[in-house]
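Listed below, chain by chain, are the residues.
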Amino acid sequence: MPSYTAPVKDQMFVLNDLLKVGEADIPGYEDLDRETLEAILEESGKVARDVTAPLNVVGDTEGCVLENGVVRTPKGFKEAFDAVREGGWTALDCDPEYGGQGLPYVVATAVGEQFSAANMAFNMYQGLTHGAYSAIHAHGTDDQKQTYLPKMVTCEWTGTMNLTEPHCGTDLGLMRTKAEPQADGSYKVTGQKIFISAGDHDMSENVIHLVLAKIPGGPEGIKGVSLFIVPKFIVEDGQPGARNAVSVGKIEEKMGIHGNSTCVMNYDGATGYLLGEEHKGMRAMFTMMNEARLGVGLQGYAQSEVAYQNALAYAKDRLQGRDVTGAKNPDGPADPLIVHPDIRRNLMDQKSFNEGARAFTYWGAQMIDRAHRNDDAKAMGLISLLTPVIKGFLTDKGFEMATAAQQVYGGHGYIEEWGMSQFARDARIAMIYEGANGVQALDLVGRKLAQDGGKHVMAFFAMVTDFIKETKGRSDAFDAGFREPLKAASKDLQAAGMFFMQNGMKNPNAALSGSYDFMHLFGHVCLGLMWAKMAVAAEDRLAAGDGDAEFLNAKLATGRYYMARQLPMTATHLKRIESGADPVMALDADHF
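To start, this report covers the structure provided alongside it. (Residues numbered from 1 in each chain as written. Predicted model: local features only at pLDDT ≥ 70, side-chain atom pairs only at ≥ 80, totals over all residues. Heavy atoms only, no water.)

So, about empty space enclosed by the protein. Following the criterion strictly, the structure yields 2 cavities of 30 Å³ or more and no others. Roughly 40 Å³ of volume is contained in the largest cavity. What lines the largest cavity is Thr90, Cys94, Gln126, Thr129, His130, Tyr133, Met152, Val153 and Cys155. Those elements that place two or more of their residues in the lining of the largest cavity are helix 6 (120–139) and helix 7 (142–153). Counting residues per element, the lining of the largest cavity draws most heavily on helix 6, which supplies 4 residues. Per-class residue counts for the lining of the largest cavity are 5 nonpolar, 4 polar and no charged. A volume near 30 Å³ is recorded for the second largest cavity. Forming the walls of the second largest cavity are Asp349, Phe353, Lys397, Met401, His524, Tyr562 and Gln566. Secondary-structure elements contributing two or more residues to the lining of the second largest cavity are helix 9 (341–373), helix 10 (377–408) and helix 17 (549–566). Residue composition of the lining of the second largest cavity, grouped by class: 3 nonpolar, 2 polar and 2 charged. (1 Å grid on protein atoms, 1.4 Å probe; cavity = no way out; pocket = protein on both sides within 12 Å on 5 of 7 lines; lining within 4 Å. Points joined across faces, edges and corners; volume = space filled by probe spheres on them. Helix = DSSP H or I, 4+ residues; strand = E, 2+ residues; numbered from the N terminus. Nonpolar A, V, L, I, M, F, W, Y, C, P; charged D, E, K, R; others polar.)

This is the structure in structure tokens:
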């Protein structure tokens, strides 16, 4: 059976040495000293390793079952969910006014990585609840907050988001679910929603659905969409009361994340309560969706991380062939797989991506903290720009790395008992839900680049340029290994942006045809920037004689690998972008 160990040492390096959270001028960060952070991550790592990871295969093989209108989760899930709840892990960054611990989002992100890597399907129950909590916290009335949030913070009640309908996904303006006003101020919600993660289960007392619907007589299309709180059980005096007119039509049969109940939800005149303003549902829902997209990006590299850990152990243990430079295990019948250069290449691809992705995601989480806790508009603009990159690039590459880890096993990677298939299957959904990655790329190029007159992407360019200037002459090794590769990659990114500016207005397809490549180009530059910054941190600690020299030197070697072997892909992506729309749009639809 596969296993998982939380990478606490690397998490601590990113938080303390790269992001320097204890020194950051963000309210609440002053409490994030090394001892506190390590204690939190060590303890959450134990929960991930000992409580939720052993249930990952159980969830995959048993799945969820719909019985007499109730969804039954796999064996052991409820007991584990209770343990996670009672440990306070669902409340880390929630508002203390409603029972939360009030820790920064970056801490919850680091813990969330552990839980997602250990058991992605299981962690989605609390993850969706946190998103619903955030939407109600941001847009709810005082009464709604008092009614729902305390129980959602503890996950005694869980939450969902209901967007997709059988005939519409991304184009939510086509939705048919309606909400008819009632004399008491409530609404009767009628319609069907599909692909609802954690739509129903037996682990909480109530499920608080957030449902997009249209109020009759409102504007056409997306401008007529409103958001509603529709509880499974109507809340009466703070407790679940009468059953609402919402039911599970079926549980979807899926490729992966079998332990999470993905439901078809039927609303048959269910009682709902408006969340936020009429016809402003997307504004409220995006509070949930942006958080969810960051969480899905995290899922992408978390599955890559756990797959890598198991592939590495297998490569060190499995004897196969001899090292071409001479036997490394002369007393055995063969050498371990890890001696072979192609296995090393495979593992280094995974390791360099995982560590770069972790830094990128935590950096994004720190920007969210700065935006919210410092009311920093620049940080909010930058994380808004980078959200589709975090979601799209990290899930694309996370799936690629999970299958690369599977490849290390040879034929055993294709056999279910080794567990590698599950990591690949679970990782695959992250590329699709919360906005398929093609949509993320369109959002990045079609909307985010030009947002606020393009000042956020220009701020990113300036940040990279300033870093390159500040590190000039640091050392020949740093220049060759990190600074020059980053400089070349950033020039490719700016050239791609210039191509869109020069061609996008007269021919929008010229920009949109290159949007997917641009998202990946941008992602590589972000990871390149993270690796260059981590190299500075590692070199500084080595120079000071502080820290684990073996760990720090391995960090530098891994970073040099990414800069030499992965970052040059920016040139390929630029070449594709500059080919324009013609190669993409050349065929008539009938000729495909």
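Bringing helix 6 into the picture now. The end-to-end C-alpha separation of helix 6 is 28 Å, in line with the 28 Å expected for 20 residues at 1.5 Å each. The largest bend in helix 6 is about 25°, located at glutamine 126. For helix 6, the buried fraction is high: 16 of the 20 residues fall into the buried class. (Expected span 1.5 Å × (residues − 1). Bend = angle between axes of the 7 residues up to and from the residue. Buried < 20%, exposed > 50% of the residue type's maximum accessible area, 1.4 Å probe, protein only.)

The next point concerns the pairing of strand 9 (residues 239–243). One ladder, built from 3 bridges, connects strand 8 (residues 233–236) with strand 9; its direction is antiparallel. In the sheet register, valine 235 faces strand 9, and the bridge partner there is proline 240. Counted between consecutive antiparallel strands, the loop separating strand 8 from strand 9 contains 2 residues, among which aspartate 237 sits at a positive phi close to 55°. (Pairing = 2+ DSSP bridges.)

In this fold, lysine 151 is placed in helix 7. Setting aside its immediate chain neighbours within four residues, lysine 151 contacts Glu156, Trp157, Gly238 and Gln239. (Contact = heavy atoms within 4.5 Å.)

Looking now at the layout of surface pockets. Space inside the second largest pocket adds up to approximately 960 Å³. Looking at the second largest pocket, it is lined by 35 residues, and the ones nearest its centre are Thr287, Glu291, Ile368, His372 and Met380.

Looking at the element boundaries, asparagine 206 is found in strand 6 (residues 206–214). Take asparagine 206: its relative accessible area is 0%, and that puts it in the buried class. Separated by 2.9 Å, the side chain of asparagine 206 and the backbone nitrogen of phenylalanine 233 make a polar contact. Beyond its immediate sequence surroundings of up to four residues, asparagine 206 is in contact with Glu156, Trp157, Thr158, Pro231, Lys232, Phe233, Val235 and Pro240. (Polar contact = N/O pair within 3.5 Å; in protein donor to acceptor, adjacent residues only side chain to side chain.)

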